[in-house]
Amino acid sequence: MLPTTFGPWLDYTINGLVIGNIYALLAVGLALIFGVSHLINFAHGSVYMVGAYIGWLCVTKLALPLPVTFVTVAAGCGLLGAVIERVGLRPLRNAPRIAPLLATIGLSVVLDQSAQLLFSPDPRALPTQLPTWRIAIGGGSIGALDLLIAGVGIGSAGLLYGFLRFTKLGWAVRATALDRDAAQQCGVDVDKVNRTVFAIASALGGVSGLLVGMYYNTIDPNMGFQAGLKGIVAQLIGGVGNVPGAIAGSLLLGLIESYGIALFGTSYRNLFAFVALILILVLRPNGLFARARRLPPEPLTGTFIAPSRPLVLPKWAVWTLAALALALPLVVQQPYLLQTLGNAWLYALLALSLTLVAGTVGQVSLGHAGLLAIGAYASSLLALDAGVPVLLAVPLAGLVAAALGTALVYPAFRLRGHYVSIATLAVGEIVTLVILNWESLTRGPIGVTGIPPLSVAGKPLVSGQWVYWVPLIVLLAFAALQSRLLNSHLGRTLRAIREDDVAARSYGVDLNRYKGLAFAVAGFIAGVGGALMAHFYSYINHETFPAPVSMLALTMVILGGLGNVAGAVLGAAVLVGLPELFRAAAEYRMLIYGVVLLLLIRFRPQGLLGTV
Amino acid sequence: MPQPALSRRSVLFHTLAGGLALACMMMSGGPASAAEAAGEPLWFGVSGPLTGPSAQYGAQWKKGFDLALDQINAAGGVKGRPLRYVFEDSQNDPRQSIAIAQKFVADPKILIELGDFSSPASMAASPIYQRAGLVQFGFTNSHPDFTKGGDFIWSNSISQAEEQPNVADFAVTSLKLKRLAVLHLNTDWGRTSKDIFVKAAKERGAEVVATEGYLPDEKDFRSTLVRVREANPDGIVLISYYADGAAIARQLKPVGLNQPVVAVGSVYSPKFLELGGEAVNGVHTRANFFPAEPRPEVQGFVAAYRAKYQEEPDAFSAYAYDAVLVAQRVIEEGGTDRTAIRDAFPRVKDIPSVIFGKATFDPQTRRVSGVRNVKLVVKDGAFALWDGSIPAATN
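Scoring rules and cut-offs
Residues numbered from 1 in each chain as written. Chains lettered and ligands numbered in written order. Predicted model: local features only at pLDDT ≥ 70, side-chain atom pairs only at ≥ 80, totals over all residues. Heavy atoms only, no water. Helix = DSSP H or I, 4+ residues; strand = E, 2+ residues; numbered from the N terminus. Rg over C-alpha atoms; globule rule 2.2 N^0.38 Å. Buried < 20%, exposed > 50% of the residue type's maximum accessible area, 1.4 Å probe, protein only. Contact = heavy atoms within 4.5 Å. Areas by Shrake-Rupley, 256 points an atom, 1.4 Å probe, with all protein chains shown as cover. Lys, Arg positive; Asp, Glu negative; His and termini not counted. Charge placed at Lys NZ, Arg CZ, Asp CG, Glu CD. 1 Å grid on protein atoms, 1.4 Å probe; cavity = no way out; pocket = protein on both sides within 12 Å on 5 of 7 lines; lining within 4 Å. Points joined across faces, edges and corners; volume = space filled by probe spheres on them. Nonpolar A, V, L, I, M, F, W, Y, C, P; charged D, E, K, R; others polar. Pairing = 2+ DSSP bridges. Axes fitted to C-alpha atoms, helices over the stretch in contact; angles between N-to-C directions. pLDDT = per-residue confidence, 0-100. Buried area = accessible area lost by both parts, 1.4 Å probe. Salt bridge = Lys/Arg side-chain N within 4 Å of Asp/Glu carboxyl O. Parallel < 35°, antiparallel > 145°, perpendicular 65-115°, else oblique. Patch = residues over 30% accessible without salt bridge, like charges linked within 9 Å, V, L, I, M, F, W, Y side chains within 5 Å. Polar contact = N/O pair within 3.5 Å; in protein donor to acceptor, adjacent residues only side chain to side chain. Phe/Tyr/Trp six-rings, centres within 6.5 Å; stacked < 30°, edge-to-face > 60°.

- Taking an unreviewed UniProt entry as the reference, chain A is identified by name as ABC transporter permease belonging to Azospirillum endophyticum.

Written as structure tokens, this is what we have:
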């Protein structure tokens, strides 16, 4: 081994660049799609996974030579991208901006589940046919594949640059990115541009899946989610829609992670990455590598949510439904049904909370599960370590979640549109990672055991009816409160912020205060929801409220209709209920769920009950 | 259930696997009634991941269950009645595992429940099983507090308090490693194991120079391994599952680490060899079972598994297989009453088991002790018995 004069830091730098290299492959495709359609494509990770599997078929089943494998993967995934654009996204072009975002989530569920059914969930080896020589650098070495990945990343960025700058179609792409309507009026075939962009980005995504699969010699049907997330973070660091910036951002993200491990240890890796993301978003919201005088991004808040005529239930109907719901356990005794509906009401609390910030104020949060986790831990630890009665610990947990949640999201208040979503996604991850690492308080990965159930006057409320009634009563109380709030002066102010924050500010609305108020109320509701879950579960750890829960919550809210209180409850009931209904379909049920989700978005993009 | 299909399968099965009849006899726990089980089936419920990020473990479980049931039912089932199961997909998610728990406790045909996979999903459901008086039998639940959920909560998961000192023995006493670096999954299992291992290694006179916890979905370990390298260990210990264990092994050389590696038994899987490739050659592990072991329990399982699935079994399918053998015995002993089945646990002794040899439950801890293990090393892309050679010290 070479004694290194730089010490291990040279190695950490090289390792950062090696992993950054891998992030870059995904970030470039995401940046291209965002640049043209202003869409964070959550299906990109799944296309990457499909690329890896096509590659696996070519390498192990057909024994094709490497160049042919590359071309096949690129062609297959390019075609898939074009199909995604045509079938999944083009029908939604006049729908509110949020609908395509949700459609990409639905598409990724469908793709991941199909792969799992076709290829089994087991990870598979994807051997590389590249030569095995290695170049020693510092204390370690890099191989042919590292160089190939770097070459593909930089080469594809270079090709894209040339394409965008020097070809007619490239001009059309840039014109569409700048102003879609104007481009269309100038005779640009916007649909063709979109299709081309999706095909190119997906081809690149597929090749990245192949390369990364070979790099780790492992592919599995769930490899896309985490990889896609890192790609999104990387391209935000570089500046959304900026292809060279995406590469620089990826390398920087790799370095940040590597140095984070060097300084604090492996379990802090992602914590470091997400804190860096928030800092960059707050300090340079256009990304580190945006041109200095670029126009501020389009105010997505205003156009994000399409106005629609909400379905308004008459008062008597609402009261009747509430009374019927309350009376249900008197008629239906099946514990399974009551538990499922009880779960739905607990998730409805989360949806209620999210629909307030995402729907009414227009701050689409992707980290809402973090609030559940804060509430759950606060209540459990208050009850176990501080001896607070559970009945008191639950509302206190709500207050803690309100205070902490608002404080954590506060730096993101100055952001708009997609940036808010990504910042809150980072906040959600940060909450999980702090719980994992702050062992003296949270007990780290071991989790909190023996959480006492909710009890009134010494009688634990754990029987079949109470798992239904407790969440329902809390839900009805909060739903009534939130409806009143939305009909008041306050509700109008919050909606004004959503519709046009510049106009709202010029009318004298202090944006930060109102956003703070909305997040505090939302934090309280979600915190109480999380606390109730903890007391029902009796055991929680950092994995109890993972990132997909945040996605699920957003899906519920959009499905019900943004800002719509009744819609949030309905959305939660549908999305908790559907997978249970499809239980008989076993392995197929998540696929069916994805397809149903896509159909709902396609035919009712404003949500079942409409946006308020 | 169409009976002809079942018998056709078992005929095929007998012709394929030579020593199987013997195994069947042994599994049935008594004089084998050659007749196949008929009549009203007896049911157990399974709550586990069939979709979602942990789905591969659920898929392995299923193979273990099906294999055990083929053998049991071909040899007369439980007192002549066939044993069957309902597998409900929880996605390893507590929200779904509690709904499944309510479903099972309300379904009178379910006599015992097996699973779930992870602690959050399993332990959220425990209060429901405990209150309703249905045994929750967790066979992958090593969380030290799992069986403290109540007297209906039992487990034959390997106790880390027993397993980790064995691994420490292998590393420190057998391989003479003195400066260890430990990489562990940062989950409740990995963390508990790491703490016990570190203590055991220190008691045996070794020093633990680095411990690094990583998240289950991590794939890049280069910087972690540079940290490990800087601590200057003379051996590396992996508290990992097979996929992440293989990923770590592949990245050792690129950062300049050549020290001997000792991994816990959960890396034992053909997938570890497949995913790790050449990089896992020389990895030592103290596995809980080894296909070449002559014990009849192991041979009955391995031969039948190969015949049925044309692949090598792994640790998770072995756990599932063992779990069904336990279910069979307690149902045989307790009958169709859920409380009687609970009461049967301390009474059933020496249940044939791949992992334990003979499994007997301790009524105090509601767990099994006496895990079997063999010292293995990966040689030329295959697991082989460790021949006692100590790898030449590098660095």
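1. Quick word on the overall build of chain A
At step 1: A count of helical and extended segments in chain A gives 25 helices and 4 strands.
At step 2: Relative to its length of 612 residues, chain A is compact, with a C-alpha radius of gyration of 25 Å against a globular reference of 25 Å.
At step 3: Across its three principal directions, the C-alpha atoms of chain A cover 70 × 60 × 50 Å.
At step 4: The buried share among the 612 residues of chain A stands at 62%.
At step 5: Restricting to contacts in chain A with at least 6 residues of sequence separation, those with at least 24 account for 79%.
At step 6: Surface summary for chain A: the accessible area is close to 23,100 Å², and the carbon and sulfur share equals 70%.
At step 7: Positive and negative charge centroids in chain A, built from 36 and 22 side chains respectively, lie 8 Å apart.

2. Observations regarding the overall build of chain B
At step 1: Along the backbone of chain B there are 13 helices and 16 strands.
At step 2: By its C-alpha atoms, chain B is 65 × 45 × 35 Å across when sized along the principal axes.
At step 3: Counting the 395 residues in chain B, one finds 66% classified as buried.
At step 4: Restricting the contact set of chain B to residue pairs at least 6 apart, pairs at least 24 apart contribute 72%.
At step 5: Roughly 12,800 Å² of accessible area belongs to chain B as shown, and the carbon and sulfur atoms make up 54% of that amount.
At step 6: Here chain B contributes 42 positive and 42 negative side-chain charges, whose respective centroids are spaced 1 Å apart.

3. Some thoughts on empty space enclosed by the protein
In this approach, a probe sized like a water molecule rolls over the atoms, and the result shows the empty space that is left.
All names here are of chain A.
At step 1: Across all of its chains, the model carries 8 cavities of 30 Å³ or more by this definition.
At step 2: If you add up the space inside the second largest cavity, you get close to 80 Å³.
At step 3: Forming the boundary of the second largest cavity are Ser365, Gly367, His368, Gly370, Leu371, Ile374, Gly405, Leu408, Val409, Val427, Val431 and Phe519.
At step 4: For the lining of the second largest cavity, the elements supplying multiple residues, two or more each, are helix H15 (369-385), helix H16 (390-409) and helix H17 (418-437).
At step 5: Its residues assigned to classes, the lining of the second largest cavity shows 7 nonpolar, 5 polar and no charged.

4. Focus: the sheet that holds strand S1 (residues 42-48) of chain B
Residues and elements named next belong to chain B.
At step 1: Judged by pairing direction, the sheet is parallel, and its 5 strands sit side by side in the order S2-S1-S3-S4-S5 without closing on themselves. Whereas interior strands pair on both sides, the edge strands pair on one side only; in this sheet they are strand S2 (83-89) and strand S5 (153-155). Looking at each pair of strands side by side, their axes are set apart by 25° on average, direction ignored.
At step 2: Contacts between helix H12 (residues 315-334) and the sheet are confined to S1, S2, strand S3 (110-115) and strand S4 (136-138), with S3 contributing the most and set at about 155° to the helix.

5. A word on the confidence of the model for chain B
A low pLDDT score tells you not to read the predicted coordinates there in detail.
At step 1: On average, chain B scores 86 in pLDDT, and the residues at 70 or more come to 90%.
At step 2: Note that residues 1-34 of chain B has pLDDT below 50 and, in this model, 42 contacts with residues that lie over four places away or in other chains.

6. Brief notes about the interface of chain B and chain A
At step 1: In this complex, chain B contributes 65 residues to the contact, which on the side of chain A involves 70 residues.
At step 2: Here chain B packs against chain A, burying approximately 5,600 Å² in sum over the two surfaces, 53% of which is carbon and sulfur.
At step 3: By the criterion of area lost to chain A, the three top residues of chain B are Arg95(B), Lys219(B) and Arg222(B), representing 12% of everything that side buries.
At step 4: Remark: the boundary between chain B and chain A carries 4 salt bridges.
At step 5: Of the charged contacts, one joins Arg269(A) and Asp220(B) as a salt bridge, the two residues approaching to 2.8 Å between their closest N and O atoms.
At step 6: The element best represented in the side of chain B that touches chain A is helix H4 (residues 94-106) of chain B, accounting for 9 residues.

7. Topic: the packing of helix H5 (residues 144-166) of chain A against helix H6 (residues 168-178) of chain A
All names here are of chain A.
At step 1: One way to put it is that H5 packs onto H6 with a least axis distance of 5 Å and a crossing angle of 85°. By the angle class used here, H5 and H6 are roughly perpendicular. In this structure, H5 uses Phe163, Leu164, Arg165 and Phe166 to contact H6, whose residues at the interface are Lys168, Leu169, Gly170, Trp171, Val173 and Arg174.
At step 2: Looking at side-chain class alone, the contact of H5 with H6 contains 6 nonpolar, 1 polar and 3 charged residues.

8. Observations regarding a nonpolar patch on the surface
At step 1: On the surface, Leu313(A), Val318(A), Leu321(A) and Leu324(A) cluster together to form a nonpolar patch covering roughly 360 Å² of accessible area.
At step 2: Relative to the elements of secondary structure, Leu313(A) occurs in the loop between helix H12 (300-304) and helix H13 (315-331).

9. With respect to the environment of Asp191(A)
Residues and elements named next belong to chain A.
At step 1: Here Asp191 is to be found in helix H8 (residues 190-216).
At step 2: With 155 residues separating them in the primary sequence, Asp191 and Leu346 have C-alpha atoms 42 Å apart.
At step 3: Every residue in contact with Asp191, bar those within four places of it in the chain, is listed here: Glu85, Arg90 and Arg93.

10. Concerning the pairing of strand S1 (residues 134-137) of chain A
Residues and elements named next belong to chain A.
At step 1: Note: S1 against strand S2 (residues 140-143), 4 bridges, orientation antiparallel. What sits directly across from Ile137, in S2, is Gly140.
At step 2: Between S1 and S2, which follow one another and run antiparallel, lie 2 residues, and Gly138 among them has a positive phi close to 60°.

11. Concerning the layout of surface pockets
All names here are of chain A.
At step 1: Approximately 1,300 Å³ is the volume found for the second largest pocket.
At step 2: Surrounding the second largest pocket, 31 residues form its lining, Leu313, Val318, Ser483, Val565 and Ala566 being those nearest its centre.
At step 3: With 9 residues, the single largest contributor to the lining of the second largest pocket is helix H19 (residues 466-487).
At step 4: Its residues assigned to classes, the lining of the second largest pocket comprises 24 nonpolar, 4 polar and 3 charged.

12. Let's talk about the side chain of Ser156(A)
All names here are of chain A.
At step 1: If you trace the backbone, Ser156 turns up in helix H5.
At step 2: Here the side chain of Ser156 touches Gly153 through a polar contact of 3.0 Å, landing on its backbone oxygen.
At step 3: The residues touching Ser156, leaving out its near neighbours within four places in the chain, are Gly151 and Leu204.

13. Some words on the packing of aromatic side chains
At step 1: On inspection of all chains with the given rule, the structure shows 44 aromatic pairs over all chains.
At step 2: A centroid spacing of 5.8 Å and a plane angle of 45° characterise the contact between Trp9(A) and Tyr259(A), whose relative ring orientation is tilted. With Trp9(A) in helix H1 (residues 9-37) and Tyr259(A) in helix H10 (residues 243-264), the pair connects residues that are 250 residues apart, well separated along the chain.
At step 3: Classification of Trp9(A) by relative accessible area gives partly exposed; the value is 39%.
At step 4: Tyr259(A) sits in the partly exposed class, given a relative accessible area of 27%.
At step 5: Taking 5.6 Å as the distance between ring centres and 80° as the angle between the ring planes, the aromatic pair formed by Tyr241(B) and Phe316(B) counts as edge-to-face.

14. Thoughts on the pairing of strand S16 (residues 382-385) of chain B
One face of the sheet, then the other: side chains in a regular strand alternate in exactly this way.
Residues and elements named next belong to chain B.
At step 1: Across 4 bridges, strand S15 (residues 374-379) lies against S16 in antiparallel orientation. Residue pairing for S16: Lys379 is matched across the bridge by Ala382.
At step 2: Between S15 and the antiparallel strand that follows it, S16, lie 2 residues; Asp380 among them carries a positive phi value of about 50°.

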